[in-house]
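# Coordinate inspection notes
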Amino acid sequence: MSNKKEESVSNPLTETPHLSLVLPCYNEADVIRSTAGRLIKAFRENDVDLELVLVDNGSQDETGEIIGQMIAEGQPIIKETVKVNEGYGNGILHGLKSCKGKFVGFMVADGQVDAHDVYKIYDIANSAKSPYLVKVRRRFRMDGLVRKVVSIIYNMMTMILFGGLGSIDINGNPKIFPRQYLEQMQLQSKDWFLDAEVMIKAKQLKLNVYEMNVFAQMREGGKSNVKPSTIREFILNLLRFRFNLNKLQPGVTAPADDQETIFTRGV
């Protein structure tokens, strides 16, 4: 076992949870209790067993201690600890290993997507008669002009290089999908490219995508971990993945049921 990861700490559910949701937390002491509490409340109100996998992703503040306090209070939380931060994606990859739910997903910990919208994303995925990856498209984002322009360019480049991925907000999350697809994807990206890797491999696996518009909330505290260097990272990863790693790993095949989804009720 790597010395960069401590053992898991959790309050396990008595049954397999409906959804396991991973939140990588890097210096999120100001927001993680609020974000986690709202998610747990929204799912409990709808009688859905939510398993939150909170990853202390190399934090240098009190994030880890706060997660431990919530577990001690009896919240349905698993804590994973990465001692040295190796990137946003690496935190998610560690968290996904602990997921036991029928559906799995991940999202950022800053609370910019309302907890009730997260529940709606799950409900759409659970209501579908055939497998779907369901995610958000963030509308009316409260970002600066530069970040909005960068986001537009990044999404356009992704569409040009990889064709239709069923999304015009590649990095929008949560992303929620049936757990059986997780092993098929063999995810590898340790950085911000993980969101794009999931979308690309969903297409390769013929896993259809449904994107729901949501209103992006104002971040409650802390600060964004997206840096100027992230732009270069995005572009290099797109080119590397497109021209070198744009195939599924050997032995990976799409599940048989890839028919069009017919929802049991309106969305």
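Residues numbered from 1 in each chain as written. Predicted model: local features only at pLDDT ≥ 70, side-chain atom pairs only at ≥ 80, totals over all residues. Heavy atoms only, no water.

Our next topic: the pairing of strand E5 (residues 103–106). Burial along E5 is two-sided: the face carrying Phe103 and Gly105 and the face carrying Val104 and Phe106 are both buried. Both E5 and strand E7 (residues 175–178) contribute to a ladder of four bridges, which runs antiparallel. Residue pairing in the sheet places Phe103 in a bridge with Pro178 of E7. (Buried < 20%, exposed > 50% of the residue type's maximum accessible area, 1.4 Å probe, protein only. Helix = DSSP H or I, 4+ residues; strand = E, 2+ residues; numbered from the N terminus. Pairing = 2+ DSSP bridges.)

This paragraph deals with the pattern of salt bridges. Taken as a whole and judged by the stated rule, the model has nine salt bridges. Ionic pairing is found between Lys175 and Asp195, a salt bridge with its closest N-O pair at 2.6 Å. One end of the pair, Lys175, is in strand E7; the other, Asp195, is in helix H7 (residues 194–204), with 20 residues separating them in the sequence. The exposure class of Lys175 is buried, given its relative accessible area of 0%. For Asp195, a relative accessible area of 1% corresponds to the buried category. Among the salt bridges present, the one from Glu197 reaches Lys201, with a minimum N-O distance of 2.8 Å. With a gap of four residues between them, Glu197 and Lys201 both fall in helix H7, about one helical turn apart. Residue Glu197 shares its accessibility class with Lys201, and that shared class is buried. (Salt bridge = Lys/Arg side-chain N within 4 Å of Asp/Glu carboxyl O.)

With 13 residues, helix H4 (residues 115–127) extends 18 Å from end C-alpha to end C-alpha; this agrees with the ideal 18 Å at 1.5 Å per step. Within H4 the residues assigned to the buried category are Ala115, Asp117, Val118, Tyr119, Ile121, Tyr122, Asp123, Ile124, Ala125 and Ser127. (Expected span 1.5 Å × (residues − 1).)

So, about the side chain of Glu197. With relative accessibility at 1%, the residue Glu197 sits in the buried group. Setting aside anything within four residues of it in sequence, one finds Glu197 in contact with Gln186, Leu187, Gln188, Ser189 and Phe241. (Contact = heavy atoms within 4.5 Å.)

The next subject is helix H1 (residues 32–45). Residues that lie three or four places apart on an α-helix share one face, since the helix turns once every 3.6 residues. The end-to-end C-alpha separation of H1 is 20 Å, in line with the 20 Å expected for 14 residues at 1.5 Å each. For H1, the elements touching its buried residues are strand E2 (19–25), strand E3 (50–57), helix H2 (63–72), strand E4 (77–82) and H4. Downstream of H1 by a residue or two, Asp47 has a phi angle that is positive, lying close to 55°.

Aromatic ring pairs are defined here through the distance separating the ring centres and the angle between the ring planes. In the structure shown here, the tally under the stated rule is seven aromatic pairs. Ring geometry for Phe43 and Tyr122: centres 6.0 Å apart, planes at 55°, overall tilted. One end of the pair, Phe43, is in helix H1; the other, Tyr122, is in helix H4, and 79 residues separate them in sequence. By the burial criterion, Phe43 is buried, and Tyr122 matches it. Seen from their ring centres, Tyr119 and Tyr122 are 6.4 Å apart, and the 45° between their planes marks the pair as tilted. Of this pair, Tyr119 and Tyr122 are both found in helix H4, three residues apart, which corresponds to roughly one turn of the helix. Accessibility assignment for this pair places Tyr119 and Tyr122 in one class, buried. Here a set of aromatic residues connected by ring pairs shows up, and it is made of Phe43, Phe103, Tyr119 and Tyr122. (Phe/Tyr/Trp six-rings, centres within 6.5 Å; stacked < 30°, edge-to-face > 60°.)

We now examine the packing of H1 against H4. One way to put it is that H1 packs onto H4 with a least axis distance of 8 Å and a crossing angle of 50°. When the axes of H1 and H4 are compared, the pair comes out oblique. Crossing handedness for the pair H1 and H4: right-handed. Here Arg38, Leu39, Ala42, Phe43 and Glu45 of H1 lie close against H4, whose contacting residues are Ala115, His116, Val118, Tyr119 and Tyr122. Of the residues contributing to the contact of H1 with H4, the split by class is seven nonpolar, one polar and two charged. (Axes fitted to C-alpha atoms, helices over the stretch in contact; angles between N-to-C directions. Parallel < 35°, antiparallel > 145°, perpendicular 65-115°, else oblique. Left-handed = near helix turned anticlockwise from the far one by under 90°. Nonpolar A, V, L, I, M, F, W, Y, C, P; charged D, E, K, R; others polar.)

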